[in-house]
Amino acid sequence: QETKDLLSAYTDDEILNTRPMTDPTMIIAMKFLGKLEIGMSQIMPISAPFVMQQIIQLSLLHGMSPVSPIGFVHLGSYMAKLGDISE
C-alpha cells in the first residue's frame, strides 16, 4: 500500500520522464538493491516488497537507473499476485 501511495503522487508522464540517475553512489546502491531483490524473491519472498519499495522510492527521488525497471516489474508482479491489477 505504501508503494501505491508513493506512486499516486506522480502521473504516468512524470514517471516516464523522470531524469536519469547520475550520482555514482546511488547507482551502486541501486545495483545492490537489484541483486538483493532477485535473491529475496526466491529466499525470503515476504521481505521482497520492502526492497522493491526502496528501488522505486530511490528511482523517483534520485532518477531512473538501469535497475529501476526491476522494482517496477516486481511491483506489477506483486500486485497481480494479489489480484490488484485494475490500476
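Counting starts from 1 at the beginning of each chain's written sequence and moves along it residue by residue. In keeping with the predicted nature of the model, local features appear solely for residues at pLDDT of at least 70, side-chain atom pairs appear and are counted solely at 80 or more, and the whole-chain, interface and lining totals rest on all residues. Excluding hydrogens and water, the side-chain values take into account all heavy atoms of the structure.

### Quick word on the confidence of the model for the protein chain
And step 1. When pLDDT is averaged across the protein chain, the result is 87; 94% of the residues are at 70 or more.
And step 2. Within the protein chain, helix α4 (residues 48-62) carries the highest mean pLDDT (91), whereas helix α1 (residues 2-8) carries the lowest (81). The pLDDT value tells you how sure the predictor is about a given residue, anywhere from 0 up to 100. Put simply, DSSP marks the helices as runs of H or I at least four residues long and the strands as runs of E at least two long, and each gets a number from the N terminus on.

### Describing the nonpolar core
It is characteristic of soluble globular proteins that their nonpolar side chains tend to be buried jointly.
And step 1. Here, the term nonpolar core denotes a set of buried Ala, Val, Leu, Ile, Met, Phe, Trp, Tyr and Cys residues that are joined through side-chain atoms within 4.5 Å. Three labels apply to residues, based on accessible area from a 1.4 Å probe with only protein chains included: buried if under 20% of the type maximum, exposed if over 50%, partly exposed otherwise in between. Listed in full, the 10 residues of the largest apolar core are Met21, Met26, Met30, Leu33, Met40, Ala48, Val51, Ile55, Leu58 and Val67.
And step 2. Listing elements by their share of this core, those giving two or more residues are α3 (24-43) and α4.
And step 3. Each residue touching Val51, except ones within four places of it in the same chain, is listed here: Leu33, Leu36, Glu37 and Met40.
And step 4. Judged by nonpolar contacts, the second largest core, of 7 residues, contains Leu7, Ile15, Met52 and Leu60. Note on contacts: a residue pair qualifies if any of its non-hydrogen atoms lie within 4.5 Å across the two residues.

### Some thoughts on the side chain of Thr18
And step 1. Considering the arrangement of structural elements, one finds Thr18 in the loop between α2 (12-16) and α3.
And step 2. Engagement of the side chain of Thr18 in a polar contact is seen with the backbone oxygen of Glu14, the distance being 2.9 Å.
And step 3. When sequence neighbours within four positions are dropped, the list of residues in contact with Thr18 reads Ser59, Gly63 and Met64. Here a polar contact is recorded for every N or O atom pair within 3.5 Å, except that within protein the pair must consist of a potential hydrogen donor and a potential acceptor, and residues adjacent in sequence are included only if both atoms are side-chain atoms.

### Examining α4
And step 1. Helix length check: α4 (15 residues) gives 21 Å between terminal C-alpha atoms against 21 Å at 1.5 Å per residue, within 8%.
And step 2. For α4, the full list of buried residues reads Ala48, Pro49, Val51, Met52, Gln53, Ile55, Ile56, Leu58, Ser59 and Leu60.
And step 3. In this fold, the buried residues of α4 make contact with α1, α2, α3 and α5 (68-81).
And step 4. Just past α4, the residue Gly63 takes up positive phi, approximately 105 degrees. The span one expects for a helix is its residue count, reduced by one, times 1.5 Å.

### As for α5
And step 1. For α5, spanning 14 residues, the distance from its first C-alpha to its last is 20 Å, which sits close to the expected 20 Å at 1.5 Å a residue.
And step 2. Turning to α5, its buried residues number three or more, namely Ser68, Gly71, Leu75 and Met79. For α5, the arc enclosing every buried residue in end-on projection is 65 degrees, short of the 170-degree limit, so these residues lie on one face. Opposite its buried face, α5 presents the exposed residues Val73 and Lys81, each directed more than 90 degrees away.
And step 3. Structurally, α5 contributes buried residues whose contacts are with α1, α3 and α4. Note that the arc is computed from the directions linking the helix axis to the C-beta atoms.

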